Amino acid sequence: EALGPFIRVDAVSLKLNNLTEELLLLKRGDTFKQEIIYGSRLTASGSFASEAMLSNQPTILHDIGANTQFSFPSYVAEENFQSLVALPLTSGTRQTGILTIYLKESADVSSDVLAIVSIVANVTATAVENTQLVSRIEKKYFSTVEALTAAIEAKDPYTRGHSKRVTQFAITLAERFGVSETEIR
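Criteria and thresholds
- Residues numbered from 1 in each chain as written.
- Predicted model: local features only at pLDDT ≥ 70, side-chain atom pairs only at ≥ 80, totals over all residues.
- Heavy atoms only, no water.
- Helix = DSSP H or I, 4+ residues; strand = E, 2+ residues; numbered from the N terminus.
- Buried < 20%, exposed > 50% of the residue type's maximum accessible area, 1.4 Å probe, protein only.
- Contact = heavy atoms within 4.5 Å.
- Phe/Tyr/Trp six-rings, centres within 6.5 Å; stacked < 30°, edge-to-face > 60°.
- pLDDT = per-residue confidence, 0-100.
- Pairing = 2+ DSSP bridges.
- Patch = residues over 30% accessible without salt bridge, like charges linked within 9 Å, V, L, I, M, F, W, Y side chains within 5 Å.
- Areas by Shrake-Rupley, 256 points an atom, 1.4 Å probe, with all protein chains shown as cover.
- Salt bridge = Lys/Arg side-chain N within 4 Å of Asp/Glu carboxyl O.
- Core = buried A, V, L, I, M, F, W, Y, C linked by side-chain atoms within 4.5 Å.

## Overview of the overall build of the chain
Of the regular secondary structure elements, the chain holds 5 helices and 5 strands. For the chain, the α and β elements follow one another from N to C terminus as β-β-α-β-α-β-β-α-α-α. Going through the 185 residues of the chain one by one, you find that 31% of them count as buried. The contacts of the chain with a sequence gap of at least 6 include a subset with a gap of at least 24, amounting to 55%.

## Brief notes about the packing of aromatic side chains
Under the criterion given, the structure shown has 2 aromatic pairs. Measuring from centroid to centroid gives 5.4 Å for Tyr-141 and Phe-142, while their planes differ by 65 degrees, and the two rings are edge-to-face.

## A word on the environment of Met-53
Within the fold, Met-53 resides in helix H1 (residues 48–55). Separated by 45 residues in sequence, Met-53 and Ile-98 place their C-alpha atoms 6.9 Å apart.

## Side note on the confidence of the model for the chain
Across the chain, the average pLDDT comes to 75, with 79% of residues at or above 70. No element of the chain has a lower mean pLDDT than strand S2 (residues 24–25), at 39, and none a higher one than helix H4 (residues 162–176), at 89. Low pLDDT, under 50, characterises residues 20–32; the predicted model gives this stretch 39 contacts beyond four residues in sequence or across chains. Of the regions scoring below 50 in pLDDT, residues 36–41 engages in 14 contacts with residues more than four places distant in sequence or in other chains.

## Description of H1
Count 3.6 residues to each turn of an α-helix, and residues three or four apart come out pointing the same way. Phe-48, Ala-49, Ser-50, Ala-52 and Met-53 are the residues of H1 that are buried. Where the residues of H1 are buried, they touch strand S3 (59–61), strand S4 (83–91) and strand S5 (94–103). Looking one or two residues beyond H1, the residue adopting positive phi is Asn-56, at roughly 55 degrees.

## What to know about the pairing of S5
With 8 of 10 residues buried, S5 lies mostly within the body of the structure. In this structure, strand S1 (residues 11–16) lies alongside S5, joined through 6 bridges in antiparallel fashion. Residue pairing in the sheet places Ala-11 in a bridge with Tyr-102 of S5. Across 9 bridges, the pairing between S4 and S5 is antiparallel. Residue pairing in the sheet places Pro-88 in a bridge with Ile-98 of S5. Between S4 and S5, which pair antiparallel in sequence order, lie 2 residues; one of them, Gly-92, sits at a positive phi of approximately 70 degrees.

## Let's talk about a nonpolar patch on the surface
Together, Phe-169, Leu-173, Phe-177 and Val-179 line one region of the surface with nonpolar side chains, adding up to about 430 Å² of accessible area. For Phe-169, a relative accessible area of 57% gives the class exposed.

## Side note on the nonpolar core
Ile-7, Leu-87, Leu-89, Leu-99 and Ile-101 are the most contacted members of the largest nonpolar core, which totals 18 residues. At the level of elements, S1, S4, S5 and helix H3 (111–155) are the ones that each hand at least two residues to this core. By residue number, the principal contributor to this core is H3, which donates 6 residues. Contacts of Ile-7, omitting those with residues within four sequence positions, involve Leu-103, Val-109, Val-113 and Val-117. The next biggest cluster of nonpolar side chains, apart from the first, holds 15 residues, and it includes Phe-48, Ile-64, Val-76 and Tyr-102.

## Focus: the pairing of S1
With 6 of 6 residues buried, S1 is to be regarded as a mostly interior element. Burial along S1 is two-sided: Ala-11, Ser-13 and Lys-15 and Val-12, Leu-14 and Leu-16, pointing in opposite directions, are all buried.

Structure, rendered in structure tokens:
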């Protein structure tokens, strides 16, 4: 929505490196056949998105239907997208994925608009990378707590399983009090 005054965005997809799903197809208006597409992979070559990543430059394709060089997922034709802008997501020196903006009308995208959407892509890349870092830290934290718990319980057979039982009791109690899953975690 932040791009609304600059470019009419009909849909957006976000593909991340090393993930197998197309994570997001945002819907604007009521004409879309699908909101979320699963199973799409960011391939090494042959797609417009991968070529944009290799060039590491924002890339515009004005007439998708007339293009014979690249292959596109089936939803591009199903949704009648006419043009797109592909923006590599770069955080520092690392590429995290690609942001693709789909347009149902062929549009001239000025260099000023391209600069603005590039800024949005860079902010998105930073947010994605931060989210991935937080997830890794969280996993390491829980692994550490589990290892410490196992070490404590291994010393005393009397308390073996106590920590897991207390954890399960606390979770059950929190659920009964209506605490959200996020807070329970």
